[in-house]
Amino acid sequence: MQKPDPRYDEAAKRLALTAERKSGNQMDLFLPVDEWSDVQRGIPNGFLRSAIFSVAQRAKPEQLTRAEIASVEGIEIRYTGAKLNQDHLTLWGNLVHVVRTEKLGNRCETTTYKLLKMQNRSDTGSTREALYKQLAELQATAVEIKQGRYTYSGSFIVEAFRDEEINRLIVILNPRIIELFAPNHYTRVSWLIRLELKTQVARWLHGFYSSHREPYDYKLTTIQQLCGSVAKDMSNFKTHSLIPALNEIAEASEKHGQAFNFEIVNGKLKVNRKRHL
């Protein structure tokens, strides 16, 4: 007797999930969670191909007011709020992952401990305070992002509040962020590799090149601008930030069985990797 093709079983599961979620015209308010695994995070390309989550070190975060953010062609961003970096993107990506099975706009409960664990951070007084500060900064924002035919305008988090008695953290995301998860407008980023990366520049580069199926050759000056580096000169950026970060990605990728090769030729960065970084 012929065994059933497991591909059909998987397709049936996806159809069942779609049918279960569908309720009137509200189907659009669910993220495409069946398209990414638990070791991936779905991140809009506009966040990966711009300086909205920069590589800035934040001893004293700069406050921006409807500032135009550097981005690749086809993406337009204006932003109001504290200048954000890759730590904020890691938290936001984890929040989206936590709420992924819920209808967007609904309250979703989690814990501080779980969010810290998802970032490979210990649960201490200082790490909790850092997390709460990042949540507040993500909430006190206004971002306008045009990505393809869609424009999203709103904050990264609608509400985030804590119930100290039961040690629960309640998060609500704007349901209209669904527009940023249209097909071909978001990337499934390998979180296992990202969590291996220690520097802001390495995390930004990993996300940036993950969003390219066939990476272009970018000028180093363009990379510096897109990641939001404030290095005073290109030589400093290349030697002390860019090359160490690229080596960091190559090492982490190899550890997880993926390729990441690069070379710098005539002031351009050439990256060669497998389809999923």
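Model, not experiment: these values are computed from the prediction.

Undergrad: How should I be thinking about the side chain of Ser 211 in this particular structure?
TA: Within the secondary structure, Ser 211 is located in the loop between helix 7 (200-210) and strand 12 (218-219). Residue Ser 211 is classed as buried on the basis of its relative accessible area of 7%. In contact with Ser 211, other than residues within four places in its own chain, are Asn 45, Leu 48, Arg 49 and Thr 187.

Undergrad: Quick question: what am I supposed to make of unusual backbone geometry here?
TA: The phi torsion of most residues other than glycine is negative, and most of the peptide bonds are trans. Its identity is not glycine, yet Asn 120 carries a phi of approximately 60 degrees, on the positive side. Inspection of the secondary structure puts Asn 120 in the loop between helix 4 (112-118) and helix 5 (125-139). The phi angle at Asn 184 is positive, at roughly 70 degrees, despite the residue not being glycine. For Asn 184, the location among the structural elements is in the loop between strand 10 (168-172) and strand 11 (186-190).

Undergrad: Quick question: what am I supposed to make of the sheet that holds strand 7 (residues 142-147) here?
TA: The pairing of strands in a sheet comes from backbone hydrogen bonds and takes either a parallel or an antiparallel form. Strand order in the open sheet formed by 4 strands is 3-4-7-8, with antiparallel pairing between adjacent strands. Unpaired on one side and paired on the other, strand 3 (63-68) and strand 8 (150-154) mark the two borders of the sheet. On average, each strand axis in the sheet is tilted by 10 degrees relative to the strand beside it, whichever way the strands run. In this sheet, strand 4 (residues 75-82) lies alongside strand 3 in antiparallel orientation, the contact comprising 4 bridges.

Undergrad: Help me understand the nonpolar core in this model?
TA: In summary, soluble globular proteins display a tendency toward joint burial of nonpolar side chains. Counting residues in hydrophobic clusters, the biggest one holds 70 residues, and the most contacted among them are Trp 92, Phe 156 and Leu 205. With 7 residues, the single largest contributor to this core is helix 3 (residues 86-99). Look past the residues within four positions of Leu 205 in its chain and what remains in contact with it is Ile 223, Leu 242, Ala 245, Leu 246 and Ile 249.

Undergrad: What is the right way to read the packing of aromatic side chains from this model?
TA: Working definition: an aromatic ring pair is given by the centre-to-centre distance plus the angle between the planes. Within this structure, the stated rule accounts for 14 aromatic pairs. The interplanar angle of 70 degrees and the centroid separation of 5.8 Å between the aromatic rings of Trp 36 and Tyr 186 together place this pair among those described as edge-to-face. Here the residue Trp 36 occupies a position in the loop between helix 1 (6-21) and strand 1 (40-44), and Tyr 186 occupies one in strand 11, the gap between them amounting to 150 residues. Note on Phe 53 and Phe 156: the rings are 5.1 Å apart at their centroids and 55 degrees apart in plane angle, and the pair reads as tilted. Here the residue Phe 53 occupies a position in strand 2 (residues 53-54), and Phe 156 occupies one in the loop between strand 8 and strand 9 (159-163), the gap between them amounting to 103 residues. A connected cluster of aromatic rings, assembled from ring pairs, spans Phe 47, Phe 53, Tyr 79, Trp 92 and Phe 156. The ring of Tyr 132 has Arg 162 sitting right over it, with the charged end atom 3.7 Å from the ring centre.

Undergrad: What am I meant to see in the confidence of the model for the chain here?
TA: Detailed reading of the predicted coordinates is not advisable wherever pLDDT is low. Mean pLDDT over the chain works out to 87, with 87% of the residues at or above the 70 mark. Taking the mean pLDDT of every element in the chain, the minimum, 43, falls on helix 1 and the maximum, 98, on helix 7. Scored below 50 in pLDDT, residues 1-27 makes 11 contacts in the model with residues more than four places away or belonging to other chains.

Each value, and the rule that gives it
- Residues numbered from 1 in each chain as written.
- Predicted model: local features only at pLDDT ≥ 70, side-chain atom pairs only at ≥ 80, totals over all residues.
- Heavy atoms only, no water.
- Helix = DSSP H or I, 4+ residues; strand = E, 2+ residues; numbered from the N terminus.
- Buried < 20%, exposed > 50% of the residue type's maximum accessible area, 1.4 Å probe, protein only.
- Contact = heavy atoms within 4.5 Å.
- Pairing = 2+ DSSP bridges.
- Axes fitted to C-alpha atoms, helices over the stretch in contact; angles between N-to-C directions.
- Core = buried A, V, L, I, M, F, W, Y, C linked by side-chain atoms within 4.5 Å.
- Phe/Tyr/Trp six-rings, centres within 6.5 Å; stacked < 30°, edge-to-face > 60°.
- Lys NZ or Arg CZ within 6 Å of the ring centre and 35° of its normal.
- pLDDT = per-residue confidence, 0-100.

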